[in-house]
Amino acid sequence: MSKKLPPSIFACDSSLQLEVQQDDPCKPVTSEDACDKLSDCTWCKSAAVPSACYNLTMSKKLPPSIFACDSSLQLEVQQDDPCKPVTSEDACDKLSDCTWCKSAAVPSACYNLTMSKKLPPSIFACDSSLSTKKAPDNFMLMFETDVGEQGSSFTINVTRAWAPLGVDHLVQLVQDNFFNGAAFFRVVPGFVVQFGIAGTPAENLKWQTPILDDPVVASNTKGTITYATAGKDTRTTQLFINYQDNSSLDKQGFAPFGQVVKGMDVVTGVFNPTPGNSGGVDQSEYESQGNEWIKRKYPSINFITKVTMVEL
């Protein structure tokens, strides 16, 4: 199990490196005044965990709902949070609504479960996130969309045995409402339609840690759904549905995990925001600026409005 934990968060052997700069000049600083005097550092306040001095790169990865790296920002925190005063992991684990979150970059602390889900997994490792509970062997996902004048939906039959790691990760994304409000940002006629960038930048930061690959069991035939990748073990949140028999993708490591069983006409009817450009919209811009940017840039683009999981 330890080998499956992301080394950017966990160090299970002295030879592993944590995602933190060892010569970070900001980390040792313990006062706001001293931090403000360093050009590459910023003081980030939090009502949920100890305030600290961060380098600018790290501070941008902190969720603004918890951290305020400027005095004008408002923090989202429950003033009567029973988890906040707890200072030890053992005491935190005894509270049903709390979880202990560890980090190599900032002080570990006790968070309420709602707050812990907003912490970026690239920085924090919370006890509640280490659950090995697997997804159901077989279930349906209904995608409601704004395709067509009245809106319409399509349904995918998901088979865990086809790609267990991918399906377990998919369920977590659905439970976090990751795909609700996500745009169909790439359409390649006769090939694929792609989605899986959240409409809010904070959600994209939260789910940037990749998962390991699954062996290819099923084939990329028409109507199958698969994770997009950028190479070995790089799957995160982006998915595509095959418009045709793309079984040539099998040998490239693309492992399907489900099949469209209803509404394929909706899938093929998704608006193409970049005709003539098979790369789709600028993904970096969409990830960082969200739906406000993409709606302004591509006013006719289609969106997923809601995803519902139905167990069989």
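Located above this text is the structure these notes cover.
Residues numbered from 1 in each chain as written. Predicted model: local features only at pLDDT ≥ 70, side-chain atom pairs only at ≥ 80, totals over all residues. Heavy atoms only, no water.

Draft legend 1. Focus on the overall build of the protein chain. Counting its secondary structure elements, the protein chain contains 8 helices and 14 strands. Taking contacts inside the protein chain between residues at least 6 apart in sequence as the whole, the part at least 24 apart equals 61%. (Helix = DSSP H or I, 4+ residues; strand = E, 2+ residues; numbered from the N terminus. Contact = heavy atoms within 4.5 Å.)

Draft legend 2. The state of the cysteines, seen in detail. Under the counting rule described, the total for this entry stands at 4 disulfides. The disulfide partner of Cys83 is Cys98, and the S-S distance across this bridge is 2.0 Å. Since a negative S-S torsion denotes a left-handed disulfide, the Cys83-Cys98 link at about -80° is left-handed. Placement of the pair is Cys83 in the loop between strand S3 (67–68) and helix H3 (89–93) and Cys98 in strand S4 (residues 98–103), with a sequence separation of 15 residues. (Disulfide = S-S within 2.5 Å.)

Draft legend 3. Up close: unusual backbone geometry. Positive phi values are uncommon outside glycine, yet Asn177 reaches one of about 60°. Examined against the element boundaries, Asn177 turns out to sit in the loop between helix H5 (164–175) and strand S9 (186–188). Of note, Asp233 is a non-glycine position whose phi angle comes to about 55°, a positive value. If you trace the backbone, Asp233 turns up in the loop between strand S11 (224–227) and strand S12 (239–242). Judged by relative accessible area, which is 25%, Asp233 ranks as partly exposed. (Buried < 20%, exposed > 50% of the residue type's maximum accessible area, 1.4 Å probe, protein only.)

Draft legend 4. Representation of the side chain of Asn242 within the structure. Inspection of the secondary structure assignment puts Asn242 in strand S12. At a separation of 3.2 Å, a polar atom in the side chain of Asn242 contacts the side chain of Asn220. When near neighbours in sequence (up to four residues on either side) are disregarded, Asn242 contacts Phe191, Val192, Asn220, Thr221, Lys222, Gly223, Thr224, Thr226, Leu249 and Met264. (Polar contact = N/O pair within 3.5 Å; in protein donor to acceptor, adjacent residues only side chain to side chain.)

Draft legend 5. Representation of the nonpolar core in the model. Among the nonpolar cores identified, the biggest contains 36 residues, and Leu170, Phe179, Phe195, Ile241 and Phe257 are the most heavily contacted of them. The element contributing the most residues to this core is H5, with 5 residues. In this view, Phe257 contacts Asn157, Val158, Thr159, Trp162, Ala163, Val167, Leu170, Ile225, Thr226, Tyr227 and Leu239; residues no more than four positions away in its chain are not counted. Core analysis: the next-biggest nonpolar cluster, separate from the first, contains 14 residues, Cys44, Ala52, Met115 and Leu119 among them. (Core = buried A, V, L, I, M, F, W, Y, C linked by side-chain atoms within 4.5 Å.)

Draft legend 6. Structural context of empty space enclosed by the protein. Enumeration according to the criterion identifies 2 cavities of 30 Å³ or more in this entry. Taken together, Asp213, Asp214, Thr226, Tyr227, Thr229, Arg235, Gly253, Phe254 and Ala255 make up the full set of residues lining the second largest cavity. In terms of residue class, the lining of the second largest cavity is made up of 3 nonpolar, 3 polar and 3 charged. (1 Å grid on protein atoms, 1.4 Å probe; cavity = no way out; pocket = protein on both sides within 12 Å on 5 of 7 lines; lining within 4 Å. Points joined across faces, edges and corners; volume = space filled by probe spheres on them. Nonpolar A, V, L, I, M, F, W, Y, C, P; charged D, E, K, R; others polar.)

Draft legend 7. How the structure looks around the pattern of salt bridges. Overall, the coordinates contain 7 salt bridges when judged by the stated rule. Lys45 is the salt-bridge partner of Glu32, the closest N and O atoms lying 3.7 Å from each other. A residue pair is termed long-range when its members are at least 10 positions apart, and Glu32 in helix H1 (residues 32–36) and Lys45 in strand S1 (residues 41–46) qualify at 13 residues. Overall, the relative accessible area of 33% leaves Glu32 in the partly exposed class. Across the pair Asp176 and Lys206 runs a salt bridge whose closest N-O atoms are separated by 3.1 Å. Of this pair, Asp176 sits in the loop between H5 and S9 while Lys206 sits in helix H6 (residues 201–206); the two residues are 30 residues apart in sequence, bridging distant segments of the chain. Counted as one network, the salt bridges with shared partners bring together Asp213, Asp214 and Arg235. (Salt bridge = Lys/Arg side-chain N within 4 Å of Asp/Glu carboxyl O.)

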